[in-house]
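Geometric and topological summary
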Amino acid sequence: MNSLLRKSALFKNVLVVDENTSMAGAVSVENGLIAGIIPQGARLPKGAAVVIDGSAFGGTPVLMPAFVDLHAHFRDPGFPEKETLESACLAAANGGYGTVVCMANTRPVIDTFEAAARLKKRADDLGLIDLYPALSLTRGMEGASLSGITAAPRGHAARLLSEDGKDVADDALLLAAFNEASRLGVPVSCHCEALGAEGARSAENRGTRRVIDLARRVKGLRCHIAHVSTREALSMIRKAKAEGVSLTCEAAPHHLALTGEDADHLGRGTWGQVNPPLRREDDRRALIRAVLDGTIDAIATDHAPHAGADKEAGAPGFIGLETSFSVCFTELVIKARLPLSRLSGLMSAAPARILGMDDRGIIAPGLRADLIMVDIQAPSTSGPFKSRGRNSPFQGRALTGKVLF
Ligand SMILES: [Zn+2]
């Protein structure tokens, strides 16, 4: 949370936008919580320690709930040449994220509640964002036996489980993990592209079918599908949801904005390399349609920083925390005419709901004053980045919409 919001504050002359609201007015904050939402022209509360006047910013300042990311790689512990906890938290805050789930594929792997709690404590001490490390499903992400998810201490902070880019090949073991997750009441994020030939659309489609079929068999499971990228996988998810399977899914900004042609320009197998890969234009259009019709629940960055040498050697992934809003605003709100309030839902309210957090994601009295200001008219330049990674596919692209703080 922005530290100035820990005391009393007043944001005035702003457009207040969340999943349910889009109105001109003001928002007051007391003790880190949202106190009131005041329509433009109504009497404002007096005595706030900090007053932020939107009219001083020029442009169109919009106050929104901070974003919630279901999927980022912080590379800590183990890979300081790619990212550190501090650089990742700074990147998240710079991109407007207040809450982030980081994946478990670090060294060592985050495969126990104790390891997750240690990492969370380190992030809490930095005080930049609210971090929730995901636990892996299997020990050491080796796919052989269940991780520490079988030994949950009381009051644990886990909000998501995921084997990340490996998924679990053995059906019986994945079912056992799903059953543990259901018992814990924690959702599982599945990377359906992970098994089979790397980057093959058939692998993602088969994997999506398999995960849906297994998820159907586990009562109470909240199954989440990470970074969907093919139109066939989207059709399966749409159908399963209509049949009542408890399923949510996310799309990554780079899949909404880019195609294989961009991968060619960036360098196939190097700087354009990502899993799942940048697909065809008809896949990209299918993703946009699935955002508009609600099949896609949330935007998640899959922020994956790498050192330059790793990218040259083919390491998959892009950084994304600091460009996510501009890319989504440009592609979804400007080009696809998605209302900004729906983008707020995709980036804040829905991911908070998926994580079972009812204290954030919208602007309402009593919720965390985890607020950001964006300018929706400002052109956005990619960078300079707080992330250590320089592997953004959006460098040099003209985008609109900028996170001010
Ligand atoms: Zn990932």
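Residues numbered from 1 in each chain as written. Predicted model: local features only at pLDDT ≥ 70, side-chain atom pairs only at ≥ 80, totals over all residues. Heavy atoms only, no water.

**Examining the layout of surface pockets**
Computed from the structure, the largest pocket encloses a volume of approximately 460 Å³. Around the largest pocket, the lining comprises 27 residues; the ones closest to its centre are His73, Asn105, Asp164, Gly165 and Pro316. Its residues assigned to classes, the lining of the largest pocket shows 7 nonpolar, 12 polar and 8 charged. (1 Å grid on protein atoms, 1.4 Å probe; cavity = no way out; pocket = protein on both sides within 12 Å on 5 of 7 lines; lining within 4 Å. Points joined across faces, edges and corners; volume = space filled by probe spheres on them. Nonpolar A, V, L, I, M, F, W, Y, C, P; charged D, E, K, R; others polar.)

**Some words on the coordination of the zinc ion**
The protein atoms that coordinate the zinc ion are His71 (NE2), His73 (NE2), Asp164 (OD) and Asp302 (OD), at distances spanning 2.1 to 2.7 Å. Viewed at the metal, the 4 donor atoms of the zinc ion are separated by angles of 74 to 157°, and the geometry they form is irregular. Here the donor residues of the zinc ion are spaced in sequence according to H-x1-H-x90-D-x137-D. (Donors = N, O, S within 2.8 Å, 3.2 Å for Na, K, Ca; no water. Tetrahedral: all angles 85-135°; square planar, octahedral: opposite > 155°, others 65-115°.)

**Examining empty space enclosed by the protein**
According to the stated counting rule, one finds 2 cavities of 30 Å³ or more in the structure shown. Empty space within the largest cavity amounts to approximately 40 Å³. Around the largest cavity, the lining residues are Ile34, Pro65, Ala66, Arg360, Gly361, Ile362, Arg368, Asp370 and Leu371. Tallied by class, the residues present in the lining of the largest cavity amount to 5 nonpolar, 1 polar and 3 charged. The calculated volume of the second largest cavity comes to roughly 40 Å³. Of the residues that constitute the lining of the second largest cavity, the class distribution is 5 nonpolar, 4 polar and no charged.

**Section: the nonpolar core**
Counting residues in each nonpolar core, the largest one holds 86 residues, and the members touching the most others are Phe74, Phe178, Phe325, Leu340 and Leu343. The leading source of residues in this core is helix H3 (residues 171-184), at 7 residues. Dropping the residues within four chain positions of it, Phe178 is found in contact with Val188, Cys190, Val211, Leu214, Ala215, Val218 and Leu221. The next biggest cluster of nonpolar side chains, apart from the first, holds 16 residues, and it includes Val16, Ile52, Ala364 and Leu367. (Core = buried A, V, L, I, M, F, W, Y, C linked by side-chain atoms within 4.5 Å. Buried < 20%, exposed > 50% of the residue type's maximum accessible area, 1.4 Å probe, protein only. Helix = DSSP H or I, 4+ residues; strand = E, 2+ residues; numbered from the N terminus. Contact = heavy atoms within 4.5 Å.)

**Here's the deal with the packing of H3 against helix H4 (residues 201-216)**
Look at H3 against H4: their axes get within 10 Å of each other, and the N-to-C directions meet at 50°. By the angle between their axes, H3 is oblique relative to H4. Between H3 and H4 lies a crossing of right-handed hand. In this structure, H3 contributes Asp171, Leu174, Leu175 and Phe178 to the contact, and H4 contributes Arg210, Val211, Leu214 and Ala215. Of the residues that constitute the contact of H3 with H4, the class distribution is 6 nonpolar, no polar and 2 charged. (Axes fitted to C-alpha atoms, helices over the stretch in contact; angles between N-to-C directions. Parallel < 35°, antiparallel > 145°, perpendicular 65-115°, else oblique. Left-handed = near helix turned anticlockwise from the far one by under 90°.)

**A look at the pattern of salt bridges**
What the rule picks out here adds up to 29 salt bridges. Arg122 is paired through a salt bridge with Asp76; the nearest N and O atoms lie 3.0 Å apart. Here the residue Arg122 occupies a position in helix H2 (residues 113-126), and Asp76 occupies one in the loop between strand S6 (67-72) and helix H1 (85-94), the gap between them amounting to 46 residues. Here Asp76 falls in the buried class, since its relative accessible area comes to 12%. (Salt bridge = Lys/Arg side-chain N within 4 Å of Asp/Glu carboxyl O.)

**Observations regarding the state of the cysteines**
In the structure shown here, the tally under the stated rule is 0 disulfides. The structure places no disulfide on Cys249, whose sulfur is separated from the nearest cysteine sulfur, that of Cys192, by 9.9 Å. Cysteine Cys328 remains unbridged, with the sulfur of Cys249 as its closest cysteine sulfur at 14 Å. Classification of Cys328 as buried rests on a relative accessible area of 1%. (Disulfide = S-S within 2.5 Å.)

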